[in-house]
Every structure is written in C-alpha cells, then in structure tokens.
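Chain residues, written in single-letter form:
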Amino acid sequence: MTSASRYTYLGPEGTFTEAALRTLPEAATRTLVPMISVPAALDAVRGGEAAASLVPIENSVEGGVTSTVDELATGQPLMIYREVLLPIAFALLVRPGTELADVKTVTGHPVAQPQVRGWLGRELPDAVWESAASNADGARLVQEGRFDAAFAGEFAAATYGLHPLVTDIHDADNATTRFVLVGRPARPAAPTGADKTSVVLWLHQDHPGALLDVLQEFATCGVNLTRIESRPTGKGIGQYCFSVDCEGHVAERRVGEALMGLRRLCSDVRYLGSYPRADGVRPTVGAGTADEDFLTAADWLTRCLDGRPERS
C-alpha cells in the first residue's frame, strides 16, 4: 500500500469526520485510516505515510476546533486543498436494554457538548458528562461499559453494537461542522471563482492598533474575512497569533496584494492554501478591487516611472 492511496482522518471508525470524508468522490478509491487524534492524523501526512488527512476545523455552534487550528499553525507546514460542510445532529447511543432513566454518565467529543447542552439539561439534568477523544470513541467507551451513553452520529450505532435511544438531538437548527482536507505544500489549484484562502499571522509586536493594521490590509484590497481567531503562541501571556480565512484565491490580485501587505506588517505569515468553497458562494468584488483594476493601476505606475503618466 503506497502513501498516495491512504487518507487519514480523526477516528476511530464511526466519527462525523469519517462521514464527511466519505462524501468526497476520491474517498472511494483510497484506503481510509482512522487515527487517534488530529495531531496523529496530520503527522501521518507530514511523515509521508498518507497523501492527505481530513480533520474538523470549525463548528457553527462552538467555533474553531483548537486542536486543528493550532496544529496547522505549528510544526512542519501543511496545506488545505478543499473543505467539506457536514450538517450535524446527534443520537444518544446506549447499550441495548438501557432506558433514559438508567443514564447517569454520558460522553462525547468536547465540541459536541455545547451543541446538546440544552437537551441534556432538560432530559438528563443529573447526568455527569466526561469528554472523549471523539464522538465515536465515546461510543466505544459505552460499548466497553465505562459510560451509560454517548452523543455520536446515529450511523455509529451499528459499528459499536449500540442502540440509538434518542435521535436528531441538536440545540441549534442547521448546526454544521466544517472539515478540511490537508496535504503537503504544493502549487494551489487554479481559481474557481468561489474560493477561500487561509493564513496564520504573527504580529511584529503588540501595540495599539496592531490588529487594526492587519484588518486594514484586507479592507483596502476589498477582501472579506469569513473567520478570524486568536490563538496563544505558548510564549507567554498576551502572545497570540491569528488564524484567518478570507474570500478569494491567492492568484487573484486583491488577495495577493493583501497577503503581500500582511507579509510586510507581520513577523511571519503562514500560507495554508487557497481552495474551493464547499458552499460555492462567489464573493462580491467591490469597485476598484477587481483584477483589472489592479492591472490598470500597475500600468499607470509604470507609465509614471517612464515619464508618460497620461495615455497619448
């Protein structure tokens, strides 16, 4: 088995990550390998043991998945090649014969808890929650008898010999988790017209208006942000980097100009890739920020340098 035929994902079997990975056409021709954690899944790509890895990065209820955000910001660089959006609803999985009144302990991934907190408070107010490495791992722990119930995908019940006691559990309608397919750095695919670009930014130093300076670069070039999140660097209190997703592709002039401006302002910029948006939404390009506007401005500057600022 070659690494090119292997995709890793946050396991074990039966996770929402596996369900998301199986929506990709290429998954049908790859060996899908579950890993114990996000770092383990990504390290397999860094080490050449897998061609790519699918990991969760953002949830519409809880926000960023910090293990993924931090892992992409540190260590050997990786690159995002595509994203997957998966609607999320949980089932309460129990061993056969368990009734709701029997459930005293529950488990699931930490990101799951905020998505079911209201239901849990109404239906199982006295149940004790303890986090698991993943929702499917929680199901495995229930199978082993270590917990009474787990919040996981209903599809995981058959894998672990459990019964979906309650289904379609979610506090927020239209809850969605975003996953990214990550590989080793390479030339990004050509723009589709509906793309995202992801970067991590480190400021030179903390000073009044430092973040405003960063945001101004995007605003001046007409680039809309879809996510910005601060994360500690581990170098001391108040030391942060910023994980950013924006609309557009690095090959588009407005995005490229913004990134060049950030590279001047920041102590470091880690480019994480430009890739198609899963929802296919095309950005609204404001006046003066289309590619032709940048080309016209560059041509004008060239003519100024040549001593002919006005067209004849």
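Calculation criteria
- Residues numbered from 1 in each chain as written.
- Predicted model: local features only at pLDDT ≥ 70, side-chain atom pairs only at ≥ 80, totals over all residues.
- Heavy atoms only, no water.
- UniProt positions renumbered as here; feature names shortened; annotations may be inferred.
- Helix = DSSP H or I, 4+ residues; strand = E, 2+ residues; numbered from the N terminus.
- Buried < 20%, exposed > 50% of the residue type's maximum accessible area, 1.4 Å probe, protein only.
- Areas by Shrake-Rupley, 256 points an atom, 1.4 Å probe, with all protein chains shown as cover.
- Lys, Arg positive; Asp, Glu negative; His and termini not counted.
- Charge placed at Lys NZ, Arg CZ, Asp CG, Glu CD.
- Salt bridge = Lys/Arg side-chain N within 4 Å of Asp/Glu carboxyl O.
- Expected span 1.5 Å × (residues − 1).
- Contact = heavy atoms within 4.5 Å.

- The name given to the protein in an unreviewed UniProt entry is Prephenate dehydratase, with Streptomyces chisholmiae as the source organism.
- Listed in UniProt under the heading Catalytic activity (unreviewed entry), the comment for the protein reads: "prephenate + H(+) = 3-phenylpyruvate + CO2 + H2O".
- Per UniProt, the comment on the protein under Pathway (unreviewed entry) is "Amino-acid biosynthesis; L-phenylalanine biosynthesis; phenylpyruvate from prephenate: step 1/1."

1. Describing the overall build of the protein
Item 1. Secondary structure summary: the protein contains nine helices and 15 strands in total.
Item 2. Dimensions along the principal axes, computed over C-alpha positions, put the protein at roughly 85 × 50 × 35 Å.
Item 3. In the protein, which comprises 312 residues, the proportion classed as buried is 46%.
Item 4. Element-wise, carbon and sulfur atoms account for 52% of the exposed surface of the protein, whose accessible area totals about 14,900 Å².
Item 5. Taking the average place of the 28 positive charges on the side chains of the protein and the average place of its 39 negative ones, the gap between the two points comes to 6 Å.

2. As for the pattern of salt bridges
Item 1. Overall, the coordinates contain 22 salt bridges when judged by the stated rule.
Item 2. Residue Arg22 is joined to Glu18 by a salt bridge in which the shortest nitrogen-to-oxygen separation is 3.1 Å.
Item 3. A relative accessible area of 11% places Glu18 in the buried class.
Item 4. Across the pair Arg46 and Glu71 runs a salt bridge whose closest N-O atoms are separated by 2.6 Å. Taken together, the residues Arg46 in helix H2 (residues 38-46) and Glu71 in helix H3 (residues 66-73) connect sequence positions 25 residues apart.

3. Quick look at the UniProt feature "domain: ACT" (unreviewed entry) in the protein
Item 1. Mapped onto this numbering, the UniProt entry gives "domain: ACT" (unreviewed entry) at residues 199-276.
Item 2. Helix and strand shares over residues 199-276 are 31% and 41% respectively, and the end C-alpha atoms of the span are 15 Å apart.

4. A short note on helix H8 (residues 253-265)
Item 1. In this model H8 runs 18 Å from its N-terminal to its C-terminal C-alpha over 13 residues, within 8% of the 18 Å that 1.5 Å per residue would give.
Item 2. Every buried residue belonging to H8 is among Arg254, Val255, Gly256, Ala258, Leu259, Gly261 and Leu262, and all of these are buried.
Item 3. Looking at the buried residues of H8, the elements they touch are strand S12 (195-203), helix H7 (210-220), strand S14 (240-247), strand S15 (266-276) and helix H9 (291-305).

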